[in-house]
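Structural description and commentary
Okay, here's what each chain looks like letter by letter:
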Amino acid sequence: MKVKITKPNTLKGTISISGSKNTVLPLIACAALTKEEVILKNVPSITDVMNMIKIASYANAVVDYNPKTKELKLQFKKIKNKILCEETTKIRASYYFIGSILPRKKKLIINYPGGCNFSLRPIDYHIYAFKTLGYKIFENREKIYLKKKNIKSKKIIIKFPKQTVGATINTIIASVTSNKIVEIYNYASEPDVLSVIEMLNLMGANILVRDEKIKIFGVKKLHGVTYEVPFDRIEAGSYMILASSIPRSKVILQNIDSSQLTKIIEVLKNMNVKISCQKTNLIIESPDELKPINIKTGTYPDFPTDLQQILLILLLKAKGKSTIIDTIYPDRISQIKLLQENNINVYVENNLITIEETKQIFVKEGEALDLRGGFSLVVLAMLSSYLIIDKFEIVKRGYEDIENKLKKIQITIEKEN
Ligand code: EPU
């Protein structure tokens with residue numbers, strides 16, 4: 001799908017932020033831990049969620065999603081132990097079904113997960129955790145085979161070499177209904193992880209979060225729940241950056257919990273962007289001139305890797321030289337080739353990205369190569385006069401109703417042939 005995005009004089013209007021992609025995906029898998037019904041509210045209608053729902057259905061769940069009310073009902077009375085549908089290879093989050101199906105089945109075969117391939121994304125931490133929890137594993141690049149072994153020890157300790165969102169969540173999901181006590185050290189404390197813990201505790205799990213560890217006391221079974229998916233802080237951050245890209249713009253974002261955006265607000269304020277909060281609204285007012293900055297991405301509450309590519313484009317308009325180091329995914333630089341081909345001043349040396357102010361930017365055509373790189377091209381269109389983006393469907397994997405949201409702030413978006 002090709003679209004043409006045309007820049008308005010200023011960005012003005014209000015956008016409502018959707019439920020979080022990276023939170024709802026594991027919550028859908030969590031529903032497989034119980035035979036009772038799980039109702040999720042504020043579920044965004046995006047391709048990744050639709051793929052996750054298709055996997056749930058394939059695994060035998062009764063599923064009912066209403067894109068108008070954003071309510072998703074899931075009930076896994078029965079569950080399969082061979083999850084080999086095509087959708088598992090399209091999204092990374094399909095691996096959360098390993099965590100939630102294993103406690104109900106002794107064996108599982110599942111396709112190797114897919115998702116944005118902006119760098120090598122191994123799943124060795126997940127494999128380490130499942131092995132430590134007592135599973136025998138065989139994997140190749142296509143499939144993963146898991147089989148339960150009997151382990152005597154009542155207490156299991158898992159210590160990750162790096163903080164990892166996915167493997168922390170998968171370990172929690174796989175442990176809640178075991179007959180063990182599981183302790184996770186060096187865990188990730190992203191809001192996505194905390195929401196999974198909150199929902200599982202409402203379903204009858206016993207999970208404690210302490211400073212240095214997450215402690216899970218396994219329970220026999222979980223029950224159904226109704227849970228509201230919190231707002232998507234990465235979607236919010238993306239529109240905050242977009243709103244800052246044309247001088248004298250004013251954009252209001254609704255459904256925000258600004259406590260999750262502290263670092264993003266700090267970074268944009270340091271660039272001279274005016275940001276104020278009114279209850280669940282965030283008001284972004286862009287300055288005439290942006291200041292350069294030096295940032296490093298990190299685990300929450302640091303600046304998220306998911307916004308690095310998008311911020312990079314904004315920095316092209318800052319007066320002076322800026323730098324970015326992505327400590328989580330240093331190879332997440334899919335759009336830089338396009339920038340360099342168009343004589344834009346961005347350089348990469350080892351892990352350091354240097355961005356210099358580029359006065360004249362006119363890129364006519366680009367391709368979305370991954371989700372966040374794709375959204376970064378929307379910001380690039382604001383620095384150019386227009387931009388034709390190919391493979392825009394990749395952006396729609398994670399940004400609900402993006403065409404309408406862009407229109408709400410005066411951006412023209414048209415389908416191209
Ligand atoms: N890592 C390993 N081995 C593993 C798992 C992770 O080496 O088995 C490394 C990664 O290569 C990375 C670091 O550990 O250097 C942290 O990765 P993490 O596990 O936290 O990432 P993830 O769970 O695979 C989720 C999001 C990503 C987001 C990262 C970081 C989902 C479905 N994906 O990925 O979101 O970038 O956390 O916050 O929740 C996106 O939304 O565009 C996206 C890619």
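Residues numbered from 1 in each chain as written. Predicted model: local features only at pLDDT ≥ 70, side-chain atom pairs only at ≥ 80, totals over all residues. Heavy atoms only, no water.

Moving on to the site of the ligand. Among the 23 residues in the neighbourhood of the ligand, the closest are listed as Asp124, Thr164, Asp306, Ile328 and Arg372. A distance of 3.2 Å is found between an oxygen atom of the ligand and a backbone nitrogen or oxygen belonging to Pro122. Thr164 places a polar side-chain atom, nitrogen or oxygen, 2.7 Å from an oxygen atom of the ligand. Relative to its unbound accessible area of 830 Å², the ligand is 92% covered by the protein chains. Of all the secondary structure elements, the ones that give two or more residues to the shell around the ligand are helix H1 (21–30), helix H4 (124–132), helix H5 (165–175) and helix H11 (371–383). The element contributing the most residues to the shell around the ligand is H4, with three residues. Its residues assigned to classes, the shell around the ligand comprises nine nonpolar, six polar and eight charged. (Near = heavy atom within 4 Å. Polar contact = N/O pair within 3.5 Å; in protein donor to acceptor, adjacent residues only side chain to side chain. Areas by Shrake-Rupley, 256 points an atom, 1.4 Å probe, with all protein chains shown as cover. Helix = DSSP H or I, 4+ residues; strand = E, 2+ residues; numbered from the N terminus. Nonpolar A, V, L, I, M, F, W, Y, C, P; charged D, E, K, R; others polar.)

Read across the open sheet, the four strands follow the order S4-S5-S3-S14; overall the sheet is mixed. Looking at which strands have only one partner, the edges of the open sheet turn out to be strand S4 (62–66) and strand S14 (225–228). Mean inter-strand twist for the sheet, computed between neighbouring axes without regard to direction, equals 10 degrees. Where strand S3 (residues 37–41) meets strand S5 (residues 71–75), four bridges bridge the pair, whose relative direction is antiparallel. Residue pairing across strands places Ile39 opposite Lys73, the latter belonging to S5. (Pairing = 2+ DSSP bridges. Axes fitted to C-alpha atoms, helices over the stretch in contact; angles between N-to-C directions.)

Limitation: the analysis is restricted to geometry and does not speak to function.
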